[in-house]
Structures are given as structure tokens and as C-alpha cells.
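Next come the chains, spelled out residue by residue.
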Amino acid sequence: MIIAFKTDVDGVLLACSALKEHPDAELVFAKDRRELERKLTFSGTEDEVVRLGFTPIAGTKNLIREVLGKCPAKMSRTDTSPVQYIDLVLRHSKANPAELIHLIVSCNGSAEHLYTGKSKLARRYYNYMRDVTRAWQRMCMFARPDFVNGIQTVDIDSPHDVADIFCRWLAKKNPDVPVAVIFGNAAWVGNGELVGLDHFTKTAAAFVKSLRTSLSSKNKEADEVEGLWDVFYNSQMIESRRNRRLASKMQPKSSAGMSKMAKADRYKVERGISNCTLEMFVGDAREVSV
Amino acid sequence: MTEQHHTLTERMRILAQGTKYDSCNQSAVCHAFGPDGRCIQLYKTLLTNSCAGECAYCPNRNKRDTVRASLTPEEIVKITWSFYRKNAIEGLFLSSGIIGDAENTAEKQLEVAKLLRSQGFTGYIHTRMMPGTPKYLLEEIAEHSNKFGVNAETTSSVNYSEICPNFDYNNDILTRLKWTRDLIKKQRRKVGYGGRIVGANDTQFVVGAVNEPDREIISTVHKFMDRYALRRPYFMSFDPVPDTPLQNGIASPKWRENRLYQASFLMKDYGIKASDFDVIFNDDGFLADADPKMRLAYAHPDYFPMDINKAARDELLMVPGIGPISANRIIQARPITSEQELARMGVVISRARPFIEINGSKQTNLHSFMGVGS
Ligand code: SF4
């Protein structure tokens, strides 16, 4: 028997439930029906195939309880629920959905095992979850969109599949403007109803790029904001408390690749801020605070 | 005290510099970190550094010869929006020198907050209020800000009158702290969970401007947590400023500020009471430059080594290297069989090792580890 499942949370949970019933079944996964049929045709299998998750289901809550028992109490504000755990892991570039199913089934209905890292596999997948969380959180921290022509757009790059969650986050933060997150040839658009699209939709990157204004005006506005930011960033430094180790950890090297502004900030973390600037000749350089 | 002409950039620099010691809210996303490792989360600025007040430690005090500058509400709003759209900040932190009186200043601060909200700004607004701000304005500020509070600066009215002669500690500070506590409660009830974030009551102390010992500061913080639902205090080390009455004072060492922060976190997150610190103060009531949690542990050798698989949560929290999150994880994952497991849960093993026991095995007898009895 073959359990063929869609690589999303519902598909994974359904497959876990089926694997418990048929522990000897083979697992095949695909992101959509087309990919699945291609895989099955290619394998030439004549076994019975159970297709799971390719039609929408209701009641993920019941399913998660059936497969992983009662949700473990959140241990910190940032802890993920089992559903979020599965969703995040599936976005990891190295995650193998079939392996994830085996891990979940091996938990024997105790979701805690996903988090406590008692086996090698559990540790690896817990780290995957953390990698993906870190990847999109870093985007939230260090990506710097352009705001031109009333639309907020940003190009991102990540080994993991996080463009849509970042887009949702950005759209929630800016509910009054359309936002677009461009990743390769695709773009996720949030608050799309403001430009005649669905609230949240995936479209071609070229379409979003066509909505942007000419490059020259974009650069002028961006340069002004970046200049102001430099002044502000420099003003916040307390020289007597310089802590290069901590700063480098918090503003890591990887942040520099996310935007020009983050790159400039990272440079100052490494090299410090020159305290001899033209500004010193126009104002009182003393540090003050209220 | 008239203002010379300065460009927008110059004014922005002068007024942002005036807030550099103010710590911002830690619960949202940080967007940059300064070379000192501190998170930059909000655009922090003063409305103006001209001030009618005469606080003895303050570089902005009235009649002091210094460069004065202001930003208009529109300018602050514009800068906030441009940083916000760039995803470089989560919102605005707004403080000010006193423009005439507290009422007038609060009106101007309110103008900024209202303008931002009227333009659809959903980001974070933290307003640092002036001592003596009238209640009706606090009520309005509460409608538009996520966080607001007034600085206590010190621990008693006697100390306060020494450094802030224009204001009254009981009326202008403590009464306002009570009002802000009640307004926060009301706002929380109103917006509920999932609505706008309503930050906890907030205040700041200038450490070392007067001679109050750490014992007094810690017990005031504890009292404020109790009475005014203060979640975390902010501390700013005193640095003597030329041309002020305290210009010949001695700068407070930066480590003192850090130790006070650590002590305040122990009260906030670890359930430690102000009186628990008594065993680690010196004769004059000051903390040493050492981690207070480690010092508390050494002061109670009879509590250790603690069996990691049996200790209650509040006992685990006494172990250096174990925080509230790792304590929860330990309890959930019991039985624990190795240090590696603890490390994966976030326990700092190098700190915790002398104080814990796992399945009967411990590093050494704590008494001998500490040299007790040798
Ligand atoms: S009221 Fe504030 S700005 Fe004015 S002197 Fe006192 S501390 Fe300084």
C-alpha cells in the first residue's frame, strides 16, 4: 500500500494517522496532485494508493489531537504549537516530509517529544524548525522594503520557503498599503484588495515589478531615508558601552545580505562609528538624555 | 535659550541623541543593533531639548548654555513614517523637555500621537510623560499610545527635591504612576487580547545622582511593582554634566546599572523579593560587581546541589544558568539523564554545574567547591 500525501500540515497529519493503521505502507509525497501523478507514473507502481490532503479538510484541531495528543503547554512566548512546528519544518530546504511523518508517529501521541530532542531525528527536526523560524524572523528584522508609488516591495532570498509568512507579517504591519515580497520569479502580495487583487495572493514577480515606479525616483527617496537612518543610528551609540561581541552576535553577518541599510549597520558594528564627523562642528556633541 | 537655525538632519541628530539612554520596549521585533549591542526598535526622539525644568543632573536644564533644537509634530510624524515603511522601526518613542509646563508639553506629545494615528499608523507609540501631566491628558494619551509613563528618577521625596526642584515626588510622580497603572488596566480591558498592545507601567531611575544605595533602589522597584504594576524599571547611570549643579559629582559606574537590571529581572521573572537581596548587599547597602543570582546562590549553600529531577519550579529558578523557560522545559521533559539534555533546553551548564545533581551525580560537594570549611 502507498500513502500519498500532500506536503502541508493537513496532508502530514492525515498521513501520520494512516501510517499508524498501516505501519508497512510506503510514503510518497507531493506539493500538488500534478506532481503526485507524475511521481506515481514514473515509479510504475501497481500497489493500492491512498491519496491524502489533496482535497481540503476541516478539523485540523481534532486531527492533531488524534496524532499528537494534547498540545504541550507553551513554555515561552516564542514557542511554536505542534501545527506551527509541522508547518515550519516543511519549509526547510533539507526537510524530508516522509521522515517527518516517521518522527511524528514515533512520538506515540506525545507532542513533547518533538521539542525535547530525545532522539537524533527529533533533534534534527527541532533544529530545522528553529532554522526556519530564525530565517523569517531575520527577514522581519533586517529586510528593508522600498515604498514607492504607494506599494511596499521587497526582494528576498532564502534557502527556505518563507516568502509567504514574511509577506503576511509585513502586510499585517502595514494594513493600509499593498505589500509585495518578491522571491525569484514569484511574488506574494498582501493587502492585495487595495490594488484589485485577492487579500493575499501569489503572482508573477514581473507583474509586481511593473507596478513599481521608475528606478531613479525610487533611488532618490530611498537615499533620503537611508541618510536619515544613518544619522539616527549613529546618534544612538553609547561609545563607553561599545560591545563588539554582543553587537556582532545580534546584528550577524547574515543580516548584511538582506538590505543596504542592514549592511551599513553591520559595517558600523564591526568598525565602530567614526566620532569625527562634520556634524561635530555644527552642534554640541555631548551625550545627553532625558 | 533661543534656538539657532539647524537643518532637519541636525535637529534630528541632537534630539535623538537626547534619548539614547532610554531603553526601548523589548517585546516586539528589533530592527537593528548598535555597536554597543543594544536593540534599536523605535525611532526615539525628544520634541525639544529646551526645558523649563532645572533638574540638577540634566544637560537640558533651563538656562544651561547648550545647543537647543526642536522638531515639529509634522516632522516627527514624517520621519516616523519613513523609517516605519522601510521596516527599520516598530514605532516611536517620544519624550521632551518641558515646554512651559507639563500640560503644554503633554498637549504637544498628544498632537504627535494623534496625527500619526489619524494617518492610519498602527505601529507602537511609547510616550514618556512629564512629571505633573494632568489626568485628562494622560487619559487621552492612553487612547493613542501603547505605552506611557513618568520617570521616578529616585527613591524618595527628599532625594527628589534635591535633584528635581521644580516638581513634587508624591504628587507629580507617585500620583501619576497610580493614574497610569489604572489607565493601563482600563485600556487592557477595553482592547482585550489580540487588540492593540498595551504596555505595562514604566519608569526610569537616574542611578547615582544622589546617594541612594542599591538597597533603597531595589526596594523602591519592588514597591512600584507591587503598587503600580511596574513590570520593569529602566536605569540610567549618572554622568556629571558641566555647567550643572552636579558637575563635580562622581559618575556612576556602568556595571552598577547592569547589576540593578539583573536584580530587577530576578524580581520580575524569578519571584525574588527585595528582602532576599539583603544577604548580598555590603554594609552600606550596595551590590558588588558580580551577578546577583550567582551571589544569592553562594549565600545559600544549604540549598544545593539541587536534584534536577525533583526540584520544584521555584527551586530550579534559584540555580544560576536556569531561567524561567529552561525551568519549564526541564519539568516537561523529566526524567533528565544528562547535562547535554539540559544544554539543549537552554541551561547554561558552566554556570549551573556546581549547583545541580542529575541522577545522583554531581560535580563536587558545593561546600568544598566554594572552599567553605577549608
Ligand atoms: S524636566 Fe526633564 S529635560 Fe527638563 S531638566 Fe528635568 S530631566 Fe531635564
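What counts, and at which threshold
- Positions within a chain are numbered from 1, following the residues in the order the chain's sequence is written.
- Both sets of labels track the order of writing: A upward for chains, 1 upward for ligands.
- The predicted origin of the model limits local features to residues at a pLDDT of at least 70 and limits the giving and counting of side-chain atom pairs to 80 or more, whereas totals for whole chains, interfaces and linings rest on all residues.
- Only hydrogens and water are removed before side-chain values are computed, so all heavy atoms of the structure are retained for them.
- Only runs of H or I of at least four residues qualify as helices and only runs of E of at least two qualify as strands under DSSP, and these elements are numbered from the N terminus.
- We call a residue buried when its accessible area falls under 20% of the maximum for its residue type, exposed when it is over 50%, and partly exposed in between, using a 1.4 Å probe and counting protein chains only.
- Contact definition: two residues touch when any of their heavy atoms are within 4.5 Å.
- Every accessible area reported is derived by Shrake-Rupley at a probe size of 1.4 Å, with residue values counting cover from the shown protein chains alone.
- Within this scheme a cavity is a closed region of a 1 Å grid, computed over the protein atoms alone, that accommodates a 1.4 Å probe without allowing it to escape, whereas a pocket is open but has protein on both sides within 12 Å along at least five of seven lines; lining residues each have an atom within 4 Å of a point.
- Grid points are joined across faces, edges and corners, and a volume is the space filled by probe spheres set on the points.
- Put simply, Ala, Val, Leu, Ile, Met, Phe, Trp, Tyr, Cys and Pro go in the nonpolar bin, Asp, Glu, Lys and Arg in the charged bin, and everything else, Gly too, in the polar bin.
- Boundaries between domains were set according to an automatic or database domain assignment.
- Disulfides are defined as pairs of cysteine sulfur atoms found within 2.5 Å of each other.
- Two joining distances apply to patches: 9 Å for like charges and 5 Å for nonpolar side chains (Val, Leu, Ile, Met, Phe, Trp, Tyr), and every residue must have over 30% relative accessible area and no salt bridge.
- Any Lys or Arg side-chain nitrogen located within 4 Å of an Asp or Glu carboxyl oxygen qualifies as a salt bridge.
- In this tally, Asp and Glu contribute negative charge and Lys and Arg positive charge; neither His nor the terminal groups of the chain are included.
- A single reference atom marks each charge: NZ on Lys, CZ on Arg, CG on Asp, CD on Glu.
- Ring geometry is summarised as follows: Phe, Tyr and Trp rings, the Trp one being its six-membered ring, pair when their centres sit within 6.5 Å, and such pairs are stacked at plane angles under 30 degrees, edge-to-face over 60 and tilted between the two.
- Look at NZ for Lys and CZ for Arg. If either is within 6 Å of the ring centre and within 35 degrees of the ring normal, a charge sits over the ring.
- Only when DSSP finds a minimum of two bridges between them are two strands counted as paired.
- Axis lines are fitted to C-alpha atoms, over the contacting stretch for helices. Their N-to-C directions set the angle, which ranges from 0 to 180 degrees.
- The buried area of a pairing is the accessible area, by a 1.4 Å probe, that goes missing from both parts when the two are put together, added over both.
- The definition of a polar contact used here is a pair of N or O atoms within 3.5 Å, where within protein one atom must be able to donate a hydrogen and the other to accept one, and adjacent residues in sequence count solely through side-chain atom pairs.

A. Molecular detail of the overall build of chain A. Across its full length, chain A holds 13 helices and eight strands. Residues classed as buried in chain A amount to 49% of the 290 residues present. Summarising the internal contacts of chain A: among those between residues at least 6 apart in sequence, 59% fall at separations of at least 24. Of the roughly 15000 Å² of accessible surface on chain A, 51% is carried by carbon and sulfur atoms.

B. Examining the layout of surface pockets more closely. Residues and elements named next belong to chain A. The computed volume of the second largest pocket comes to approximately 670 Å³. Forming the boundary of the second largest pocket are 23 residues, of which T7, K31, R91, D161 and D164 lie nearest the centre. Of all the secondary-structure elements, those providing two or more residues to the lining of the second largest pocket are α1 (9-21), β2 (26-30), α4 (82-90), α8 (163-173) and β7 (186-190). A per-element tally of the lining of the second largest pocket places α8 first, with four residues. Residues of the lining of the second largest pocket, tallied by class, amount to 11 nonpolar, one polar and 11 charged. Viewed by domain, the lining of the second largest pocket spans two of them, domain 1 (2-137) and domain 2 (143-210), each represented by three or more residues.

C. Quick look at the state of the cysteines. All names here are of chain B. On inspection of all chains with the given rule, the structure shows one disulfide over all chains. Each sulfur in the disulfide pair C30 and C39 lies 2.4 Å from the other. Handedness here is read from the sign of the S-S torsion; for C30 and C39, about -100°, the answer is left-handed. On the accessibility criterion, C39 (15% relative accessible area) is buried. Of the cysteine sulfurs around C164, a residue in no disulfide, the closest is that of C55, at 3.4 Å.

D. Expanded view of a positive patch on the surface. All names here are of chain B. Side chains of K135, K178, K185, K186 and R189 sit close together on the surface and give a patch of like positive charge. Of the residues forming the positive patch, the biggest block, four residues, is contributed by helix α6 (residues 169-191). On the basis of relative accessibility, which here comes to 65%, the residue R189 falls in the exposed class.

E. Region of the structure containing the packing of aromatic side chains. One pass over the structure, following the stated rule, counts 24 aromatic pairs over all chains. Their ring planes at 70° and their centres at 5.2 Å tell us that F224(B) and Y228(B) sit as a pair that is edge-to-face. Here the residue F224(B) and the residue Y228(B) both occupy positions in helix α7 (residues 214-228), the gap between them amounting to four residues, near one helical turn. A single burial state applies to F224(B) and to Y228(B), both of which are buried. Ring centres of F304(B) and F355(B) lie 5.1 Å apart, and the angle between their planes is 70°; on these two criteria the pair is classed as edge-to-face. Here F355(B) lies in the loop between α13 (349-352) and β10 (356-358) and F304(B) lies in the loop between α9 (292-298) and β9 (306-307), a separation of 51 residues in the sequence. Both residues of the pair, F304(B) and F355(B), belong to the buried class. An aromatic cluster is present here, built from F205(B), F224(B), Y228(B), F235(B), Y261(B) and F265(B) joined pairwise through their rings. Geometry around F200(A) places R168(A) over its ring, the cationic atom sitting 3.7 Å from the centre.

F. Molecular detail of the sheet that holds strand β6 (residues 147-150) of chain B. All names here are of chain B. Read across the sheet, four strands follow the order β3-β4-β5-β6 without closing on themselves; strand pairing throughout is parallel. The sheet terminates laterally at β3 (42-46) and β6, the two strands that pair on one side only. When the angles between neighbouring strand axes are averaged without regard to direction, this sheet yields 15°. Here strand β4 (residues 91-95) runs beside strand β5 (residues 124-129); their pairing, made up of four bridges, is parallel. Bridge assignment links L92 to a residue of β5, and that residue is I125.

G. Fine view of the domain arrangement of chain B. Assigned domains within chain B: domain 1 (8-292) and domain 2 (301-370). The C-alpha-based centres of domain 1 of chain B and domain 2 of chain B are spaced at 37 Å.

H. Region of the structure containing the interface of chain A and chain B. Taken together, the contacts link 65 residues of chain A with 66 residues of chain B. Buried surface at the junction of chain A and chain B, summed over both partners, amounts to about 5800 Å²; 57% is from carbon and sulfur atoms. Linking chain A with chain B are four salt bridges. Residue K86(B) pairs with D146(A) through a salt bridge whose shortest N-O separation is 3.2 Å. Where chain A packs against chain B, one counts 24 residue pairs in polar contact (both at pLDDT 80 or more). The leading source of residues in the side of chain A that touches chain B is helix α10 (residues 215-235) of chain A, at nine residues. Residue composition of the side of chain A that touches chain B, grouped by class: 34 nonpolar, 12 polar and 19 charged.

I. Layout of the pattern of salt bridges. Per the stated rule, a full pass over the model turns up 30 salt bridges over all chains. A salt bridge links R11(B) to E75(B); the shortest N-O distance between them is 2.8 Å. Here E75(B) lies in helix α2 (residues 73-85) and R11(B) lies in helix α1 (residues 8-17), a separation of 64 residues in the sequence. Given the relative accessible area of 15%, R11(B) is considered buried. One network of salt bridges, in which partners are shared, links D146(A), E226(A), K260(A) and K86(B).

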